[in-house]
Amino acid sequence: MVTLGDYLIVSGILFSIGFAGVMLRRNLIIILMSLEIMLNAANLSLVAFSRFRVQATGLPDYNAQVFVFFIITVAAAEVALGLAILVALFRSRQTTDVKDISSLKF
Amino acid sequence: MSPFLFWIFASLMLVFGAAVVINRNPVASALSLVVSFLGLASLFMSLDAFFIGIIQVLVYAGAVMVLFLFIIMLLDLRAEARRRINWLASAGAIAVALALIPQIFYVVRHFKSAGQSFPPLAQSTTDDVHNIGALLFSNYNLPFQIIGVLVLVATIGVVLLSRREPR
């Protein structure tokens, strides 16, 4: 029997994998991918809650699924912008390593 | 969904999610991300969210991944050079990420509904896309239009950013 808690725990582990990726890696492309993983971990728990809160009509709670739809849209826009910034950065600095981009560091 | 299939897809998703972080080669990371998101899409479908599952495959495995691979090929990124790893910083990062997991277990264990399985759904006369679409265009009409403006702004921003600077 799969419970709501199983989905929440899997989503939490996926989130911490993405979090570890953002903290560990220095390649900007991998950091963007890890951000996507974190957003999708949130999506998984939202969809699990949506399925858990069955309405009086016997349908899942679609509010959460609309929210997931918005998150996916924002994530796609974010990836497009992030990669455009990455290309502009690579053009001027020839690097995607965050250690080499520290001119704003205090 | 049977627990067996759930754990297969969940472990597929988690293993390939970890492979994204571990792989040194960006192309291998991007391909692992595709497999991870396919596992996630099947978990969505196991939760009867078929529309979200299909959108996940279309947007991530279709659009976002092609974009990632395109950029990786375009920039001609090789596998990261084996730099000296700052072990202290890496150990700190892993410790913080690992510290999240027991906290999640603790919260889920103290959450009363977490032990319950999912209640059965009624046989619906309308399909998933119809229900979400009706909600999207009635209750969430304003956010929907705002998100349209956001996508437009993102498009303009990308064009502006990737334009070559006039010399």
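Rules used in this analysis
Residues numbered from 1 in each chain as written. Chains lettered and ligands numbered in written order. Predicted model: local features only at pLDDT ≥ 70, side-chain atom pairs only at ≥ 80, totals over all residues. Helix = DSSP H or I, 4+ residues; strand = E, 2+ residues; numbered from the N terminus. Rg over C-alpha atoms; globule rule 2.2 N^0.38 Å. Buried ≥ 20, exposed ≤ 12 C-beta atoms within 10 Å, placed from the backbone. Contact = placed C-beta atoms within 7 Å. Domains from an automatic or database assignment. Core = buried A, V, L, I, M, F, W, Y, C linked by C-beta atoms within 7 Å. Nonpolar A, V, L, I, M, F, W, Y, C, P; charged D, E, K, R; others polar. Expected span 1.5 Å × (residues − 1).

Asks: I'd like a rundown of the overall build of chain A, residues and numbers included.
Replies: Helices and strands together make up the secondary structure of chain A, namely three helices and zero strands. Helices and strands in chain A line up, N terminus first, as α-α-α. Its C-alpha atoms give chain A a radius of gyration of 18 Å, more than 25% over the compact-globule value 13 Å for 106 residues. Each principal axis of the C-alpha atoms in chain A carries an extent, and together these give about 60 × 25 × 25 Å. Looking at chain A as a whole, 47% of its 106 residues qualify as buried. Sequence-distant contacts, at least 24 apart, represent 46% of the contacts inside chain A between residues at least 6 apart.

Asks: Mind laying out the domain arrangement of chain B, listing which residues take part and the relevant values?
Replies: For chain B, the assigned domains read domain 1 (1–82), domain 2 (84–114) and domain 3 (126–167). The gap between the C-alpha centroids of domain 2 of chain B and domain 3 of chain B is 34 Å.

Asks: Break down the nonpolar core for me, citing the residues and quoting the values.
Replies: By size, the foremost hydrophobic cluster in this structure holds 59 residues, and its most contacted members are Leu14, Met33, Leu44, Val47 and Ala48 of chain A together with Leu43 and Phe44 of chain B. Among the secondary structure elements, those contributing two or more residues to this core are helix H1 (4–24), helix H2 (28–52) and helix H3 (62–93) of chain A together with helix H1 (3–22), helix H2 (26–46) and helix H3 (50–75) of chain B. Among residues more than four places away in sequence, those in contact with Val47 of chain A are Ala64, Gln65 and Val68 of chain A together with Phe44, Leu47, Ala49 and Ile52 of chain B.

Asks: Any chance you could break down the interface of chain B and chain A for me, citing the residues and the numbers?
Replies: The interface is formed by 66 residues belonging to chain B together with 60 residues belonging to chain A. Those elements that place two or more of their residues in the side of chain B that touches chain A are H1, H2, H3, helix H4 (87–109), helix H5 (128–138) and helix H6 (141–162) of chain B. Looking at the side of chain B that touches chain A residue by residue, the classes come out as 53 nonpolar, 11 polar and two charged.

Asks: Please give an account of H2 of chain B that cites residues and values.
Replies: Counted at 1.5 Å a residue, the expected span for H2 of chain B with its 21 residues is 30 Å, and the 30 Å between its end C-alpha atoms agrees. The buried fraction of H2 of chain B amounts to 15 of the 21 residues, a majority that puts the element mostly inside the structure.

Asks: Describe the environment of Glu165 of chain B, and please don't skip the residues or the numbers.
Replies: Relative to the elements of secondary structure, Glu165 of chain B occurs in the segment after H6. Separated by 77 residues in the primary sequence, Glu165 of chain B and Leu88 of chain B have C-alpha atoms spaced 40 Å apart.

Asks: Tell me about H3 of chain B, and name the residues and values.
Replies: Residue and element names in this part refer to chain B. In this model, H3 (26 residues) spans 36 Å end to end at C-alpha, consistent with the 38 Å of a helix rising 1.5 Å per residue. Taken together, the buried positions of H3 are occupied by Phe51, Ile52, Gly53, Ile55, Gln56, Tyr60, Val64, Phe68 and Ile71. Following H3 by one or two positions, Asp76 has its phi on the positive side, about 55°.

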